[in-house]
Amino acid sequence: QRLRRQHTGLYTCVASNIEGDGQSNAVVLKVQYAPVCASGQVHVYGAAKNEEVSITCRLDAVPPVVHFFWRFNSSGDVVDIAENHVVTQGLQSSLSYVARTELDYGTLLCWGSNSLGRQKKPCAFKVVAASKPNPPESCSLTNQTTETMKVHCVPGYDGGLVQRFIIEIYEAETKRLLLNITENTAPEFSLRGLEPGTSYVVHVYAANERGVSERRYLAGYTIKDVAERRTAQVKPPPDEEVSITPILAVVVGVVASLVLVALVAVLVVTLKKKRHPRS
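Predicted, not measured: the structure shown is a model, and the values here were computed from it.

Student: Any chance you could break down the sheet that holds strand E10 (residues 86-89) for me, citing the residues and the numbers?
Tutor: Read from one edge of the open sheet, four strands run E5-E7-E11-E10, paired in antiparallel fashion. Single-partner strands in this sheet number two, and they are strand E5 (33-37) and E10. Taking each pair of neighbouring strands and ignoring which way they run, the sheet shows an average axis angle of 25 degrees. Bridge analysis of E5 against strand E7 (residues 52-62) gives three bridges, and the strand direction is antiparallel. By the bridge assignment for E7, Cys-37 is matched with Leu-59.

Put into structure tokens, the structure is as follows:
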């Protein structure tokens with residue numbers, strides 16, 4: 001009783017006694033229902049003036065023999081669409097639509113009927129004027145460390161089409177492009193592998209099938225590595241070490257030579273005194 005279309009499937013009966021279980025053969029239960037909208041459809045279509053777009057309506061129904069109906073609704077005007085503008089195959093119907101004026105942008109309604117009855121809630125497809133997207137808004141830099149930083153923005157108008165978000169990272173001094181990242185869901189980016197203590201220029205923009213938006217510019221930087229700077233203060237630079245070592249070797253050599261000469265002189269004087277003692 002009170003069956004729904006989700007109850008369609010295979011059913012078995014199982015009986016048990018002390019000897020074990022016994023299972024009946026499977027029985028297929030098919031629940032028939034009037035048409036409903038299928039899931040996973042595109043519901044917003046962007047179109048320029050005089051551009052033809054194909055709008056597809058998919059339904060689920062049992063039995064799958066469905067008759068489709070189309071209607072256009074805009075600013076209170078409701079117009080039924082003739083069947084010669086529609087191509088139907090099974091549970092799918094496609095409509096070729098052209099918006100010639102501003103009044104042609106609106107909502108297309110699609111529904112069907114089968115032997116169980118007519119669809120209660122129609123499928124709605126919006127036709128909007130397509131354009132390039134607006135740039136992301138309210139962009140900010142956060143969590144700046146020695147090698148990372150994050151960029152967060154608010155999406156702008158998508159132009160009536162699916163948009164994606166792109167970020168480009170340039171080194172401020174050399175203008176060299178370091179990173180190019182695309183996000184399909186939201187303009188939120190985590191930038192990694194940056195150089196410590198460096199300034200960067202960040203470009204953020206959106207894109208769809210019509211083109212790219214204007215760019216948002218941000219100035220960012222990474223923090224200097226404090227531990228590395230302290231180590232550099234304690235340890236002398238390599239250039240100083242290389243310059244001091246030769247000078248020190250020369251001084252040591254000169255001092256050693258003078259000491260050797262002094263020892264030889266003392267030795268000579270001592271020998272002479274032994275050979276020629278005073279009278």
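Student: Account for the pattern of salt bridges, with residues named and values stated.
Tutor: What the rule picks out here adds up to five salt bridges. With a shortest N-O distance of 2.8 Å, Arg-215 and Glu-168 are connected by a salt bridge. Taken together, the residues span a long stretch of sequence, with Arg-215 in the loop between strand E21 (211-212) and strand E22 (216-221) and Glu-168 in strand E17 (residues 164-171) at a distance of 47 residues. Given the relative accessible area of 7%, Glu-168 is considered buried. For the salt bridge of Glu-171 with Arg-176, the shortest nitrogen-to-oxygen distance reads 3.7 Å.

Student: Let's hear about the environment of Leu-91: which residues, and what values?
Tutor: Position of Leu-91 among the secondary structure elements: in the loop between E10 and strand E11 (92-98). Every residue in contact with Leu-91, bar those within four places of it in the chain, is listed here: Cys-57, Arg-58, Leu-59, Asp-60, Ala-61, Pro-64, Val-66 and Phe-68.

Student: A description of the nonpolar core should follow, citing residues and the corresponding values.
Tutor: Grouped together as the largest cluster of nonpolar side chains are 21 residues, with contacts concentrated most on Ile-55, Cys-57, Trp-70, Tyr-97, Leu-108, Phe-125 and Val-127. The set of elements that each furnish at least two residues to this core consists of strand E6 (44-47), E7, strand E8 (67-74), E11, strand E12 (106-114) and strand E14 (123-129). No other element matches E7, which puts five residues into this core. Among all residues touching Leu-108, those that are not within four sequence positions of it are Ile-55, Trp-70, Arg-71, Phe-72, Ile-81, Leu-95, Tyr-97, Cys-123, Ala-124, Phe-125 and Val-127. Listed in part, the 15 residues of the second largest apolar core include Cys-139, Cys-153, Ile-169 and Leu-194.

Conventions used here
- Residues numbered from 1 in each chain as written.
- Predicted model: local features only at pLDDT ≥ 70, side-chain atom pairs only at ≥ 80, totals over all residues.
- Heavy atoms only, no water.
- Pairing = 2+ DSSP bridges.
- Helix = DSSP H or I, 4+ residues; strand = E, 2+ residues; numbered from the N terminus.
- Axes fitted to C-alpha atoms, helices over the stretch in contact; angles between N-to-C directions.
- Salt bridge = Lys/Arg side-chain N within 4 Å of Asp/Glu carboxyl O.
- Buried < 20%, exposed > 50% of the residue type's maximum accessible area, 1.4 Å probe, protein only.
- Contact = heavy atoms within 4.5 Å.
- Core = buried A, V, L, I, M, F, W, Y, C linked by side-chain atoms within 4.5 Å.

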